[in-house]
Amino acid sequence: MTDSNSFDKKLEEDDGGSVKKNKKKQKKQDIWRPERPKDPFAMLDSLPEKKQQEIQKALHLFSSGSSLPKTLQQAKKHTYHFWDTQPVPKLGYSMTTHGQIEAEASVRKEPYSLPQGFSWDTLDLTSPTVLKELCTLLSDNYIEDDDNTIRFDFSLEYLQWALQPPNWLAQWHCGVRVNTNKKLVGFIAAAHADVRIYDTEKRMVQVKLLCVHKKLRLKRMTPVLIRELTRRVNQQGLYQAVYTAGIVLPTPLSSCRYWQRPLNPRKLMEVNYPYLRRDMNLQRALKFYRLPEVTKTPGLRPMTKEDVQGIHSLLQENLCKFHLSPILSLLEVEHWLLPRENVIDTYVVEGDDGTLTDMLSFYSVSSKVLNHPVHTDLRAAHLLYIVPTATNLVDLMEDALVLAKSRGFDTFTALDVMDNRSFLEKLKFSISDKSLHYYLYNWMCPNMSPDKVGLVLPN
């Protein structure tokens, strides 16, 4: 009995020693074993916020280098590997004819292949969870200033307005997810659009909100997103598109400039807003940018649903004089212009006889202010449409500035499209160094100056 117990004890000791030896041996082997790949998103999220922003700034500067021409001169030296394969006008060619570039062909049935580890997902934007995911992707990766101090902050309400107009299709909301954790890392969308190009009326799509996560921009995922959206649009029998970009691609139909008008100079100075004039101190800026306390146009009031027909008539009569303009239905006028809190503001001028004589509208773009001890956000009003028939355009636009300031906006942005150049300098807008280029996909026509563009795409 004693011998048996001693033997069992000895066996346990030997086993224990063996286990310890195996552990030591395993540890030595592990030193030389290559580490498993770590999830880069989890690694980034584990870092302090300040460190994350430094990394994101470096990635932003790296990804926005020479590969993204911002001027025509830069573009002429650039090789467009993807766009040279697409039905778009070539850089340097002077277009004199109108029409489709590439004939309609059979449509590919299978989705395009993504890089390994990623998969397509048609986003269900009726789901608040999915919409919130999209907000996060766009807010963190869509556009930011070069110093990475101001970044767009998309809201659920804004995305519902921008991506779900009348007749929207779920399959045109293309997402890309990481297979392992289902993180949303890419997105592109389209919406129906009837557009007048010179004398031609064409059913096409507006392409919107193309976005790829910063850390994936070297994987050439953008061309795959464009190809896949094109395939899905072609499946619906549509072969043309209109889109805008801040970079030069082959080939701009028109190149416009952004103009900025401060409404809250004190706050803009405190956050070092890049488009504020540097030749004046705060006291002078407050005096220079001062606006009236109230509007001056009689009969000016917020739009209501009953105004849809009147606004539709005003817009159609005004927009037909431009070479590029939308052809809006009554439902689209209601969707795009009926006021929504923190999304779109529209005002009309009602005459003594009850008819609408003028209208103005601006939409809201919010931004995050990073690394500031006091301010966390900036609110910019972007001019959508302004149509004067009985009111002076400068007076009507000044009222738009007064209304935007009273609603808490910090700055007002306008493009030099349509008749806007007639009021920009008079109302103390300053031209920025940012351009917006208009493009048509699979359609050729002569280029046009900004004042012939009557289409604004909230994007």
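What counts, and where the lines are drawn
Residues numbered from 1 in each chain as written. Predicted model: local features only at pLDDT ≥ 70, side-chain atom pairs only at ≥ 80, totals over all residues. Heavy atoms only, no water. Phe/Tyr/Trp six-rings, centres within 6.5 Å; stacked < 30°, edge-to-face > 60°. Helix = DSSP H or I, 4+ residues; strand = E, 2+ residues; numbered from the N terminus. Buried < 20%, exposed > 50% of the residue type's maximum accessible area, 1.4 Å probe, protein only. 1 Å grid on protein atoms, 1.4 Å probe; cavity = no way out; pocket = protein on both sides within 12 Å on 5 of 7 lines; lining within 4 Å. Points joined across faces, edges and corners; volume = space filled by probe spheres on them. Salt bridge = Lys/Arg side-chain N within 4 Å of Asp/Glu carboxyl O. Polar contact = N/O pair within 3.5 Å; in protein donor to acceptor, adjacent residues only side chain to side chain. Contact = heavy atoms within 4.5 Å. Axes fitted to C-alpha atoms, helices over the stretch in contact; angles between N-to-C directions. Parallel < 35°, antiparallel > 145°, perpendicular 65-115°, else oblique. Nonpolar A, V, L, I, M, F, W, Y, C, P; charged D, E, K, R; others polar. Pairing = 2+ DSSP bridges. Right-handed = clockwise from strand over helix to strand, strands pointing away.

Student: Residue-level account of the packing of aromatic side chains, with values.
Tutor: Summed over the entire model, instances satisfying the criterion amount to 16 aromatic pairs. With centroids separated by 6.4 Å and ring planes inclined at 25°, the aromatic side chains of Tyr 347 and Phe 362 adopt a geometry described as stacked. Within this pair, whereas Tyr 347 is found in strand E10 (residues 344-350), its partner Phe 362 is found in strand E11 (residues 356-369), the two being separated by 15 residues in sequence. For the residue pair Tyr 347 and Phe 362, the accessibility class agrees, reading buried in each case. Ring centres of Phe 412 and Phe 429 lie 6.3 Å apart, and the angle between their planes is 85°; on these two criteria the pair is classed as edge-to-face. Linking Phe 412 in strand E13 (residues 411-415) with Phe 429 in the loop between helix H13 (421-424) and strand E14 (430-441), this pair joins segments that are 17 residues apart in sequence. For the pair shown, Phe 412 and Phe 429 are each scored as buried. Three or more aromatic residues joined by ring pairs form one cluster here, namely Tyr 142, Phe 152, Phe 154, Tyr 158, Trp 161, Trp 336 and Tyr 363.

Student: How would you sum up empty space enclosed by the protein? Please name residues and give values.
Tutor: All chains considered together, the criterion is met by three cavities of 30 Å³ or more. A volume near 230 Å³ is recorded for the largest cavity. Lining the largest cavity are 21 residues, and of these Gln 206, Pro 326, Leu 328, Trp 336 and Tyr 385 lie nearest its centre. Every element with two or more residues in the lining of the largest cavity is listed here: strand E4 (184-197), helix H11 (330-337) and strand E12 (377-387). The volume enclosed by the second largest cavity comes to roughly 90 Å³. Pro 89, Tyr 93, Met 95, Thr 251, Pro 252, Leu 253, Tyr 439, Leu 440, Trp 443, Met 444, Cys 445 and Asn 447 are the residues that line the second largest cavity.

Student: Now, about the pattern of salt bridges: what can you tell me, with residues and values included?
Tutor: With the rule as written, the count across this model stands at 18 salt bridges. Arg 196 is the partner of Glu 201 in a salt bridge, and the nearest nitrogen-oxygen pair spans 3.9 Å. Using a relative accessible area of 14% as the deciding quantity, one classes Arg 196 as buried. A salt bridge links Lys 321 to Asp 419; the nearest nitrogen and oxygen atoms lie 3.1 Å apart. With a gap of 98 residues between them, Lys 321 in the loop between helix H10 (308-319) and strand E9 (324-326) and Asp 419 in the loop between E13 and H13 connect regions that are remote in the sequence. Judged by its relative accessible area of 36%, Asp 419 falls in the partly exposed class. Here the residues in one salt-bridge network are Asp 121, Glu 133 and Arg 177, joined through shared partners.

Student: Tell me about the side chain of Glu 228, residues and numbers included.
Tutor: Secondary-structure assignment places Glu 228 in helix H7 (residues 221-234). In this structure the side chain of Glu 228 is engaged in a polar contact, spanning 2.8 Å, whose partner is the side chain of Arg 232. Setting aside chain neighbours within four positions, we find Glu 228 in contact with Pro 111, Tyr 112 and Trp 120.

Student: Let's hear about the packing of helix H5 (residues 128-141) against helix H6 (residues 156-163): which residues, and what values?
Tutor: Taken N-terminus to C-terminus, the directions of H5 and H6 make an angle of 95°; their axes are 10 Å apart at the nearest point. Relative to H6, H5 is oriented roughly perpendicular. Of H6, the residues touching H5 (which contributes Leu 131, Lys 132, Leu 134, Cys 135 and Leu 138) are Leu 156, Leu 159, Gln 160 and Leu 163. When grouped by side-chain class, the residues that make up the contact of H5 with H6 number seven nonpolar, one polar and one charged.

Student: So what about the layout of surface pockets? Which residues, and what values?
Tutor: In this structure, the second largest pocket occupies an estimated 380 Å³ of space. Along the walls of the second largest pocket sit 18 residues, with Glu 102, Tyr 112, Thr 230, Asn 234 and Tyr 441 positioned nearest its centre. Of the residues forming the lining of the second largest pocket, the biggest block, four residues, is contributed by H7. Classifying every residue of the lining of the second largest pocket gives seven nonpolar, six polar and five charged.

Student: Give a detailed account of the pairing of E13, specifying residues and quantitative values.
Tutor: The element E13 is largely enclosed, with a buried count of five among its five residues. Sheet topology places strand E7 (residues 254-262) next to E13; five bridges connect them, and they run antiparallel. Within E13, the residue paired with Tyr 258 across the bridge is Leu 415. Once the chain exits E12 it traverses helix H12 (residues 393-406) before rejoining the sheet at E13, and the crossover so formed is right-handed.

Student: Break down unusual backbone geometry for me, with residues and values.
Tutor: Note the cis peptide between Pro 250 and Thr 251, where omega equals -15°. By the element assignment, Thr 251 lies in the loop between strand E6 (241-245) and E7. Despite not being glycine, Tyr 198 has its phi angle at roughly 55°, a positive value. Mapped onto the fold, Tyr 198 is located in the loop between E4 and strand E5 (200-212). The class for Tyr 198 is buried, based on a relative accessible area of 18%.

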